[in-house]
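Each chain, written out:
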Amino acid sequence: MIKKLLFVILITISSAAISAEKISLVWGFSPASQHASNYRVLLSEVNRIQSKYNFVIDVKPGAGGAIAANHVLKNPNTTLTGASSTFFIRANFDKTTGYNLNQFQPVIVQSIGSPVALYSNKYQTLDNSKKSDSITIGMSGFGSHSNLLSTIFSNTYPNVRDVNYTSLVPANIDAMGQHIDFAWDWLATSESAVNAGKGHIIGITGIKSIKGYKTFSSQGIKGFEKASINRAIFASVDMSPERLIEFHELFKTANQLLQLKVLYEKDYATPVSFSKDQANAWYLDEAKFWTEQSNKVKPLKK
């Protein structure tokens, strides 16, 4: 009798797994990154609280997330993509494999306001660097988030010269070795070098200082108030409205998981629980801001 009961339970579980519709969250960057891990935690929680869908992560890296975005456009009802503010930036640069922001809509906004830091092992403050004829800043590619930050920075410091790297990791290694003056990175990442006694955080994006690290605006450098990193999940505008609302409610609930809040806060990000209307307003505001900044970017100085 017990064996028969166990058999029935196993069949029921297997049937439920088979009947659940597969939905892919397409990730356009390194599968080994912390943010990819965060999405795995989120999807696991979404799967735990319902059985109608089976959400899985599907890694399609390349072109700054554009490959992932285009895959979603081709499969509007069964795919989503997760990304940071870079999602809004890349749409303005890569015209060959690019996408249009009007083709997407937000499912949920996960977190906002993760600050980016300007790190240096050569200077302690911006005032120390003013006598230099040329300031070098490491960034990760034309049209990247860090490229736009350098563009904003150059409004106050026109003697800035970008040094292009494949990623921010080698840029910060060179900044640590004083081969370049500055480099951009997440505050949480730059802070680890400072805590090891190697260098200084010159300024951070956003509107509030953190642990004594000054914002750029508090130092008289404007334009960085909205330039911190936000994270969200996006869907094609061709996804059915009923499914979009259903996914919004599922992810909004799952995003309240304590483990996720701890992970967001490690990046000094603020977890949010926006309504669908609030998420839509946020999307339009982000699109406007980053498009305006993108239009100001000039070709890299040699």
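Residues numbered from 1 in each chain as written. Predicted model: local features only at pLDDT ≥ 70, side-chain atom pairs only at ≥ 80, totals over all residues. Heavy atoms only, no water.

Peer 1: Before we move on, can you summarise the sheet that holds strand β1 (residues 21-27) with the specific residues and values?
Peer 2: Spatially, 6 strands are ordered β2-β1-β3-β10-β4-β11 in an open sheet, and the strand pairing comes out mixed. Both outer strands of the open sheet, β2 (53-59) and β11 (270-271), are each paired with one neighbouring strand and no more. As paired elements, strand β3 (residues 79-83) and strand β10 (residues 229-236) share 3 bridges and run antiparallel to each other. For Ala83, the partnering residue across the bridge sits in β10 and is Ala232. Contacts from helix α3 (residues 66-74) reach β1, β2, β3, β4 (104-114) and β10 within the one sheet, and its direction differs from that of β3 by about 155 degrees. Sitting on the sheet, helix α9 (residues 241-254) touches β1, β2, β3, β4 and β10, and the angle it makes with β4 is about 25 degrees. (Pairing = 2+ DSSP bridges. Helix = DSSP H or I, 4+ residues; strand = E, 2+ residues; numbered from the N terminus. Contact = heavy atoms within 4.5 Å. Axes fitted to C-alpha atoms, helices over the stretch in contact; angles between N-to-C directions.)

Peer 1: Can you lay out the packing of aromatic side chains for me, pointing to particular residues and giving the numbers?
Peer 2: Applying the stated criterion to the full structure yields 24 aromatic pairs. Aromatic pair Phe234 and Trp282: ring centres 6.5 Å apart, planes at 15 degrees, arrangement stacked. In this pair, Phe234 is assigned in strand β10 and Trp282 in helix α11 (residues 276-294), connecting sequence segments 48 residues apart. In this structure, Phe234 and Trp282 share a single accessibility class: buried. (Phe/Tyr/Trp six-rings, centres within 6.5 Å; stacked < 30°, edge-to-face > 60°. Buried < 20%, exposed > 50% of the residue type's maximum accessible area, 1.4 Å probe, protein only.)

Peer 1: Outline the nonpolar core, listing residues and values.
Peer 2: Across soluble globular proteins, nonpolar side chains have a tendency to be buried as a group. Counting residues in each nonpolar core, the largest one holds 47 residues, and the members touching the most others are Phe87, Leu118, Phe153, Trp184, Phe224 and Phe234. Ranked by residue count, the leading element in this core is α11, at 6 residues. Once you skip the residues sitting within four places of it in the chain, Leu118 turns out to touch Leu126, Ile137, Phe153, Phe182, Ala183, Trp184, His200, Ile201, Ile202, Gly203 and Phe216. The next biggest cluster of nonpolar side chains, apart from the first, holds 26 residues, and it includes Val41, Tyr53, Phe55 and Leu263. (Core = buried A, V, L, I, M, F, W, Y, C linked by side-chain atoms within 4.5 Å.)

Peer 1: Describe empty space enclosed by the protein, with residues and values.
Peer 2: Under the criterion given, the structure shown has 2 cavities of 30 Å³ or more. By volume, the largest cavity amounts to about 70 Å³. Residue lining of the largest cavity: Gly28, Phe29, Gly64, Gly65, Ala68, Ala69, Thr81, Gly82, Ala83, Thr86, Phe87 and Tyr99, and that is the complete set. Put simply, the parts of the chain that give the lining of the largest cavity at least two residues each are α3, β3 and α4 (86-90). Of the residues in the lining of the largest cavity, the class split is 6 nonpolar, 6 polar and no charged. The volume enclosed by the second largest cavity comes to roughly 40 Å³. Contributing to the lining of the second largest cavity are His35, Asn38, Ser111, Ser114, Trp186, Arg231, Tyr264, Asp267 and Ala269. Residue assignment for the lining of the second largest cavity shows that the elements contributing at least two residues are α2 (34-49) and β4. For the lining of the second largest cavity, the per-class residue count stands at 3 nonpolar, 4 polar and 2 charged. (1 Å grid on protein atoms, 1.4 Å probe; cavity = no way out; pocket = protein on both sides within 12 Å on 5 of 7 lines; lining within 4 Å. Points joined across faces, edges and corners; volume = space filled by probe spheres on them. Nonpolar A, V, L, I, M, F, W, Y, C, P; charged D, E, K, R; others polar.)

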